[in-house]
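# Notes for the structure review
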Amino acid sequence: IAIEADRLLATHMIEKIESDARAEFDRNTERNLARARELYLAGGRKYATAEEVDASHILFSIDKRGRDGAFAAAQAARGRLVAGADFPALAKELSDDPSAKTNGGRLSWFGQGAMDPAFEKAAFALRSPGELSEPVASGFGIHVIRLEGRKPSRMPSFDEVKARVIDEMRVNYVNEKREAVIAGIRSDPGLQVNQEAID
């Protein structure tokens, strides 16, 4: 019971330190804004948005069709698309991705690191909207991918990222205040270890 009471009091103390630190930080609006602008200017590409692509795909399952069958089906589907077939309609008809029945194979926007590496590499290699990939093997099966759009990496203005920079500053400020109090307790020469309780 004593240990739980101490734990509860310690938790309450930490929450109070953090709450007071947040309030103290938020009172210095002008200084925070100036510091945020400095961090933005010094941050280089830290606040840049990553390149993204918007893509659709038709998936052919290896489990269902076998590797050769999935590859042949992907080649045939690509041939139909090159000949002018409607991509969403063909995805609904042929894709082994269950979501294709509702989204026509459309995956929407994604950046690097969001998809299977082989799929992602092929999608980012496409250059022009409407361009089709050759059949691509991934951990999910064989895909035919169509590029729908591309957003290049860009550096947002300070106003666009100001709230994010200030939020990061607030978190760092609160962490520093909390750690200073904890470090002070740990380095207190009057602190004694209850070796009997530990044993």
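Structure: above.
This structure is a prediction, so every number in the text was calculated from the model and none was measured.

## Description of the pairing of strand 1 (residues 52-60)
Every regular strand shows the same layout, with side chains that alternate between the two sheet faces. Most of strand 1 sits inside the fold, with 8 of its 9 residues counted as buried. Taken together, the 5 bridges between strand 1 and strand 2 (residues 106-111) define a ladder with antiparallel strand orientation. Residue pairing across strands places serine 56 opposite arginine 106, the latter belonging to strand 2. Of the pairings in the sheet, the one linking strand 1 to strand 4 (residues 141-151) comprises 9 bridges and is antiparallel in character.

## Some details on a nonpolar patch on the surface
Together, Met13, Ile185 and Leu191 make up an exposed nonpolar region whose accessible area comes to about 270 Å². With respect to the helices and strands, the residue isoleucine 185 is situated in helix 8 (residues 158-186).

## Looking at the side chain of arginine 178
Along the chain, arginine 178 falls in helix 8. Overall, the relative accessible area of 17% leaves arginine 178 in the buried class. Apart from the residues within four sequence positions on either side, arginine 178 is in contact with Ile14, Ile17 and Glu18.

## A closer look at the pattern of salt bridges
With the rule as written, the count across this model stands at 19 salt bridges. As a salt-bridge pair, aspartate 20 and lysine 16 come within 2.8 Å of each other at their nearest N and O atoms. Residue aspartate 20 and its partner lysine 16 are located together in helix 1 (residues 2-27), separated by 4 residues, close to a single helical turn. Since its relative accessible area comes to 38%, aspartate 20 is described here as partly exposed. Since its relative accessible area comes to 47%, lysine 16 is described here as partly exposed. Linking arginine 146 and glutamate 148 is a salt bridge whose minimum nitrogen-to-oxygen distance equals 2.9 Å. One continuous salt-bridge network, built from bridges that share partners, spans Glu18, Arg178 and Glu179.

What counts as what
- Residues numbered from 1 in each chain as written.
- Predicted model: local features only at pLDDT ≥ 70, side-chain atom pairs only at ≥ 80, totals over all residues.
- Heavy atoms only, no water.
- Buried < 20%, exposed > 50% of the residue type's maximum accessible area, 1.4 Å probe, protein only.
- Helix = DSSP H or I, 4+ residues; strand = E, 2+ residues; numbered from the N terminus.
- Pairing = 2+ DSSP bridges.
- Patch = residues over 30% accessible without salt bridge, like charges linked within 9 Å, V, L, I, M, F, W, Y side chains within 5 Å.
- Areas by Shrake-Rupley, 256 points an atom, 1.4 Å probe, with all protein chains shown as cover.
- Salt bridge = Lys/Arg side-chain N within 4 Å of Asp/Glu carboxyl O.
- Contact = heavy atoms within 4.5 Å.

Function cannot be read off these values alone, since they describe shape.
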